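Summary of structural features
Read off the chains here:
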Amino acid sequence: MSNKQFDVIVIGGGPGGYVAAIRAAQLGFNVACIDEWKNAKGGPALGGTCTNIGCIPSKALLQSSEHFEHAGKHFADHGIKVEGLGLDIDKMLGRKDAVVKQNNEGITYLFKKNKITFFHGRGSFVKASDAGYELKVTGAAEESIEAKHVIVATGSNARALPGADFDEENILSNDGALRIPGVPKKLGLIGSGVIGLEMGSVWRRLGSEVTVLEALPTFLGAVDEQIAKEAQKAFVKQGLKIELGVKVGEVKTGKKGVSVAWTNAKGEAQTLEVDKLIVSIGRVPNTIGLNPEAVGLKLDERGAIVVDDECRTSLPNVWAIGDVVRGPMLAHKAEEEGVAVAERIAGQHGHVNFNTIPWVIYTSPEIAWVGQTEQQLKAEGRAYKAGTFPFLANGRARALGDTTGMVKFLADAATDEILGVHIVGPMASELISEAVVAMEFKASAEDIARICHAHPSLSEATKEAALAVDKRTLNF
Ligand code: FAD
Ligand code: NAI
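Residues numbered from 1 in each chain as written. Chains lettered and ligands numbered in written order. Predicted model: local features only at pLDDT ≥ 70, side-chain atom pairs only at ≥ 80, totals over all residues.

Describing the site of ligand 1
As a reminder of what qualifies: Each residue receives a C-beta atom built from its backbone; the residue is near a molecule or strand if that atom lies within 6 Å of it. By definition, any uninterrupted DSSP run of H or I lasting at least four residues is a helix, any uninterrupted run of E lasting at least two residues is a strand, and each is numbered from the N terminus. Three residue categories are used. Nonpolar comprises Ala, Val, Leu, Ile, Met, Phe, Trp, Tyr, Cys and Pro, charged comprises Asp, Glu, Lys and Arg, and polar comprises the others, including Gly.
Every one of the 36 residues lining ligand 1 counts as a neighbour, but Gly 12, Gly 14, Gly 48, Gly 155 and Gly 322 are closest to it. Counting only elements with at least two residues in the shell around ligand 1, the list comes to helix 1 (15–26), strand 2 (31–35), helix 2 (48–53), helix 3 (55–74), strand 3 (117–129) and helix 8 (331–345). In terms of residue class, the shell around ligand 1 is built from 13 nonpolar, 19 polar and four charged.

This is how it looks when you write it as structure tokens:
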């Protein structure tokens, strides 16, 4: 085998692609991964959207801004006096960049450890070949490589608002939103989805006056209604202005920032004047430069690569995973698909349970859920029981000084099988794992209710919500 011929070529080094490459290498394949992301110096920066301008830098800034807010607003409750509190935004952004770099380097190390050949550049299909598929890598030089199996993991890009292209100076995507050089006095956000709420939280905590314009009449429509209402109450109390049912009109940029014409839910014309505008209205699958036409790889009307439940595309031995295919645009979903595809290539039975993929919104309070919402169960006409437990009645939450929110269980009325768990409150991102494990093992609410949970811990709220399904909470 020449060094230009591989068993598996992965296009894209985000969480889907790099994990697929590692798993395929673990299974004994000769693997190459092509990724075009460039760091500030033009060198490679493995990890894709998630590592470079997504999950990781957003969580770094969420943490820094939360510390700032705690020091300014909450330390006093603990009897801690803070004088001369200030903000060094350059240092904060620098720390975030350092966290990103650590993750980039971690993946480079993992590639070396697993003997994965890395190509820095753009990968595109050339033709089906005797070996399987021929690809071109366009980087510092142009190379031709071949493999029997190709895994496409080219991710997604931010969707622009028509007539308001991203300039990353005034009109920002998630990329620009993570590197605003100074705290804007007024910040506008279009779209109150996951990015809108996380980025809105960061800059509000650092001092911006934040207004969010959302097209839908309901707040966080995909979230369980009761949980979404509780979260909305908390965000409004924190000072986030959320306008629902709006229609965004003309967006103009000028010397003073951005002006957005919009109509409110009553149909009244309004104008929002802000220093910066973040547009977070969803993401579009990315196949730019991939040249799918060369081999006849099928895309759907949204531009996503068409795949079946097992990530098989329209072509033999070409697979696609992560944001570039159907399903939730989440890093852990991309990773699971990557592992499953590598195992299928090896003739194993890779498996992804789409019903137990957790969602987390890393605001404060955090929002996390797995499985079905109450409104979905009602729409299905499924008989269910619900149980909730508020963090207000949890000793650890009181000690933390963070009692907003609740844990909610939904279980089948006849069998008691857990159908969904929804959390709004402290550390919801960590608490949801117990529910994921329980649902993966088809546990009943009673199973969780009978498990010993450490005291005092937030996880006791999970146990109590499970007890609440049978109307026998102990502490509420
Ligand atoms: P990507 O991470 O987008 O990686 C694709 C890679 O392929 C990129 O490096 C790209 O440069 C490269 N590429 C594309 N085309 C080519 C080509 N032709 N040749 C070579 N290389 C190519 N998800 C979570 O689960 N948790 C979170 O907390 C979270 N936070 C987020 C915060 C923000 C602000 C954003 C924007 C997203 C967040 N996400 C989060 C979503 C998450 O980032 C994506 O679901 C995830 O990155 C998808 O992984 P992927 O491997 O499919 O694609
Ligand atoms: P989103 O789909 O979460 O939310 C977009 C919002 O914009 C929706 O509420 C939608 O109704 C609204 N919208 C759409 N068009 C509009 C318009 N013209 N005017 C006003 N509102 C409009 O998308 P978002 O926030 O851009 O994030 C993209 C994806 O990235 C998420 O869906 C998620 O998959 C991923 N992500 C995940 C995170 C996490 O797991 N914590 C964090 C951030 C992003």
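Additional details are given in the paragraphs that follow.
Topic: the sheet that holds strand 17 (residues 359–361)
Remark on secondary structure: sheet strands pair via backbone hydrogen bonds, oriented parallel or antiparallel. Rules: Strand pairing follows a simple DSSP-based rule, namely that at least 2 bridges must link the two strands. As a rule, the C-alpha atoms of each element are fitted with a line to give its axis, helices using only the stretch in contact, and angles between N-to-C directions run from 0 to 180 degrees.
Judged by pairing direction, the sheet is antiparallel, and its five strands sit side by side in the order 17-18-21-20-19 without closing on themselves. The outermost strands of the open sheet, each flanked by one partner alone, are strand 17 and strand 19 (384–390). Neighbour to neighbour, the strand axes of the sheet diverge by 10° on average, direction disregarded. As defined by bridge partners, strand 18 (residues 366–371) adjoins strand 21 (residues 418–425) across six bridges and the pair is classed as antiparallel. Bridging across to strand 21, Gly 371 finds its partner in Gly 420.

Observations concerning the pairing of strand 20 (residues 406–412)
Here is the rule: Exposure criterion: with C-beta atoms placed from backbone coordinates, a residue whose C-beta has 20 or more other C-beta atoms within 10 Å is buried, one with 12 or fewer is exposed, and one in between is partly exposed.
Within strand 20, six of the seven residues are buried, leaving the element largely enclosed by the surrounding structure. Bridging between strand 20 and strand 21 involves six bridges; their strand directions are antiparallel. If you follow Ala 411 over to strand 21, its bridge partner there is Ile 418. Taken together, strand 20 and the strand that follows it, strand 21, pair antiparallel across an intervening segment of five residues, in which Asp 416 is found at a positive phi of about 70°.

Regarding the confidence of the model for the protein chain
The following threshold applies: pLDDT is a residue-level measure of predictor confidence that goes from 0 to 100.
With 99% of its residues at a pLDDT of 70 or more, the protein chain has an overall mean of 97. Predicted complex, confidence summary: ipTM 0.99, pTM 0.97.

Brief notes about the packing of helix 1 against helix 8
Just so we agree on the cut-off: Angular relationships are summarised with four words: roughly parallel below 35 degrees, roughly antiparallel beyond 145, roughly perpendicular across 65 to 115, and oblique for the angles in between. Two helices cross in a left-handed way if the nearer one is turned anticlockwise from the farther one by less than a right angle. They cross in a right-handed way if the turn is clockwise. By the criterion used throughout, residues are in contact when their C-beta atoms, derived from the backbone, lie within 7 Å.
Contact pair helix 1 / helix 8: the axes reach a minimum separation of 7 Å and the direction vectors enclose 30°. Here helix 8 runs roughly parallel to helix 1, going by the angle between their axes. Seen along the crossing, helix 1 lies across helix 8 with a hand that is right-handed. Across the interface between the two elements, Pro 15, Gly 16, Gly 17, Val 19, Ala 20, Arg 23 and Ala 24 from helix 1 touch Ala 331, Ala 334, Glu 335, Glu 337, Gly 338, Val 339, Val 341, Ala 342, Glu 343 and Ile 345 from helix 8.

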